[in-house]
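# Architecture and fold: a report
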Amino acid sequence: MARHLITSAIPYINGIKHLGNLIGSQLPADLFARYQRARGNDVLFLCATDEHGTPAELAAAKAGKPVADYCAEMHKVQADIARRFRLSFDHFGRSSSPQNHALTQHFAGRLAENDLISEVSERQVYSIADGRFLPDRYIEGTCPNCGYDKARGDQCENCTKQLEPTDLIDPRSAVSGATDLEVRETRHLYLRQSALKDALNDWIDSKTDWPVLTTSIAKKWLHDGDGLRDRGITRDLDWGIPVRKGTEDWPGMEGKVFYVWFDAPIEYIACAAEWAEANGLTEADWQSWWRTDKGAEDVRYTQFMGKDNVPFHTLSFPATIIGSGEPWKLVDHLKSFNYLTYDGGQFSTSQGRGIFMDQALELLPADYWRWWLLSHAPENSDAEFTWDNFQASVNKDLADVLGNFVSRITKFCRSKFGEAVPSGGQTGAEEAAVVADLSERLDRYARFMEAMEVRKAAQELRAIWVTGNEYLQSVAPWTGIKSDPDQAAMQTRFALNLAHLFAVISAPFVPDASAKILTSLNVLEPIWPADLQEFLYTLGPDHPFTVPDVLFAKITDTQVEEWQARFSGGQSRKGAEGEAEALS
RNA sequence: GGCGUUAUAGCUCAGUUGGUUAGAGCGAACGACUCAUAAUCGUUAGGUCCCUGGUUCAAGUCCAGGUAACGCCA
């Protein structure tokens, strides 16, 4: 039995994610996890909320709540939506957990011992009124280049010129509008990633089976310009993991916290510790997934993420792990996705553009979204969501091809033979041909799923559904029953077993529909078809079943028009990044 | 500005290391069937593979230059 450790990029805490976020990491990760479980493998599938940093603080302030309370609430909201999308996390953790505090401090300590941490003095803008240092993007002022009065400290959005906060004319705090700003000296820790450049390069070179998208991004960061740069791992904030060297104080770092990018990926590990605690397991149990000296040498670790997250997962996080000198598991396979676009532009949290997870579920059940998103996953390039395409795909694939097949065969059987699998007849050449065809297709489907070729897997799965309709159309039991009832009974029995097959193998894509079909067919313990020939005899004569309700209602033109208007962009969820409107 | 990705049928996309008449699904037209969610199944039509030039016996595929779209720039 293979062991699969699977993590999805962890979503930021400050609001509900949109469909682009969903298909970029969590959903394909779930598909893979469900598939591996269905094949009988041992799976630990982890995800969490990424809770630290300035956006969380500001979102909490806006909501008028202490940041810890805000994060706890938003974590529940996100967990609930994930559950409703049937994301089958073994644990949905929090980067603010005690486990992550301890591990982050531990890693920092190890890195310091290995001389991979340096201390750098920096000058940063401090807002006296706010009582805090301001990150560059939270300073606003007039652009010295074009005169735009809402330029940010890192860049002017009007003329796109890159700026330093000190370039701004009449700078003010974007948090409070305060103008009493000053530049203060502050000391920060840097991770000396540059010292690990060769180690990282060798490691990435050893990954010959990674997607081009992944390696090209990693290589660019490694070799572009001056090469891999050292990165600050601390910030002058209140909300975060206090800077400590393992369990000891870190002189000169009092009152500072780790920068969110440093502690967030460590949550992948800490989340396993949270999982163990939540399930009454021991440290040895979770370490058997993460420590190659404690049982994880046979674990295959796969990460899922959007392309914007690739540098962190190929360089920064591995630098932390390699730099620790301890035998933690490094990622084996890394599956990255491009963006889903909406009406030609990006989905945007800050501009409220596109469809958000909670809104999607108000319109239609999870399976509809899961199927469309997965079968159109932005694997090789950006993919575009349009309502017309969504309607056409879902109606055709789910309602007409799969749903209608289950409906037609169960109803036919009920009307001619009653609600039990009919007996009589012997399978012949026609059925043997279907078995041969399906065996080949099932094999391809499995290979695509193993390789995480999501779109191709969906395409193959759909072709398998079509096989069922082809078979019925070809043998036409509704005609044959008049002259040879035994033959028609056998054909009906065979087709009911096909419905069973479809339910079992479709579960990773459309878990709810799959469960409904299995319930109707009275199958309590679905088992993946190892031997197809044998599997298609699972439902034998007299096995009772019921006709399921309509599995997938079609999306009407009226609905599409209404939704198109409602989500025409910018109206549904306006506001700056970090707003808590999603909570209401 | 630098860099990256992409460009194939009306639409959404496949096209392995260069190798016959460039493929699939949807949509369209026509036909078959009537068990089924007016669903299904079959047949057919539809392409200057963004442009220009180059390498080669052979280029959708490799190289150079251009054009356009999208993205990233810590």
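The structure contained in this document is the topic of the report that follows. (Residues numbered from 1 in each chain as written. Chains lettered and ligands numbered in written order. Predicted model: local features only at pLDDT ≥ 70, side-chain atom pairs only at ≥ 80, totals over all residues. Heavy atoms only, no water.)

### Concerning the overall build of chain A
The secondary structure content of chain A amounts to 19 helices and 19 strands. Over its C-alpha atoms chain A spans a radius of gyration of 27 Å, differing by no more than 12% from the 25 Å that the globule rule assigns to 584 residues. Projected onto its principal axes, the C-alpha coordinates of chain A cover approximately 95 × 55 × 40 Å. Counting over 584 residues, chain A shows a buried share of 55%. The contacts of chain A with a sequence gap of at least 6 include a subset with a gap of at least 24, amounting to 77%. (Helix = DSSP H or I, 4+ residues; strand = E, 2+ residues; numbered from the N terminus. Rg over C-alpha atoms; globule rule 2.2 N^0.38 Å. Buried < 20%, exposed > 50% of the residue type's maximum accessible area, 1.4 Å probe, protein only. Contact = heavy atoms within 4.5 Å.)

### Some details on the packing of helix H7 (residues 260–278) against helix H8 (residues 283–290)
Interaxial distance between H7 and H8 falls to 8 Å at its minimum, and their mutual angle equals 150 degrees. Where H7 crosses over H8, the handedness of that crossing is right-handed. Each of Tyr268, Ile269, Ala272, Ala273, Trp275 and Ala276 in H7 lies in contact with H8, whose residues at this interface are Asp285, Trp286, Trp289 and Trp290. Among the residues forming the contact of H7 with H8, the class breakdown is nine nonpolar, no polar and one charged. (Axes fitted to C-alpha atoms, helices over the stretch in contact; angles between N-to-C directions. Left-handed = near helix turned anticlockwise from the far one by under 90°. Nonpolar A, V, L, I, M, F, W, Y, C, P; charged D, E, K, R; others polar.)

### Observations regarding the side chain of Gln391
Tracing the backbone shows Gln391 in helix H12 (residues 387–417). The class for Gln391 is buried, based on a relative accessible area of 11%. Discounting chain neighbours no more than four positions away, the residues touching Gln391 are Ile555, Thr556, Asp557 and Val560.

### A word on the sheet that holds strand S8 (residues 169–173)
Here three strands make up an open sheet; going across it, the order is S7-S6-S8 and the pairing antiparallel. The sheet terminates laterally at strand S7 (151–152) and S8, the two strands that pair on one side only. In this structure, strand S6 (residues 139–142) lies alongside S7, joined through two bridges in antiparallel fashion. Looking at the pairing, Glu140 lines up with Arg152 of S7. (Pairing = 2+ DSSP bridges.)

### Quick notes on the sheet that holds strand S9 (residues 181–191)
Read across the open sheet, the four strands follow the order S5-S4-S9-S10; overall the sheet is antiparallel. In this open sheet, the two edge strands, each paired with only one partner strand, are strand S5 (132–133) and strand S10 (231–232). Pairing of strand S4 (residues 117–127) with S5, which is carried by two bridges, proceeds in the antiparallel orientation. By the bridge assignment, Ser127 is partnered in S5 with Arg132.

### Some details on the nonpolar core
Burial of nonpolar side chains together is a common tendency in soluble globular proteins. Ranked by internal contacts, the top residues of the largest apolar core, which has 102 residues, are Phe85, Trp369, Trp387 and Phe509. Viewed by domain, this core spans two of them, domain 1 (3–114 + 261–364) and domain 3 (386–535), each represented by three or more residues. Contacts of Trp387, omitting those with residues within four sequence positions, involve Tyr342, Ile355, Leu363, Trp369, Val560, Trp563, Gln564 and Phe567. Among the nonpolar cores identified, the runner-up in size contains 56 residues, and Ile10, Leu111, Leu200 and Ile321 belong to it. (Core = buried A, V, L, I, M, F, W, Y, C linked by side-chain atoms within 4.5 Å. Domains from an automatic or database assignment.)

On their own, these measurements won't tell you what the molecule is for.
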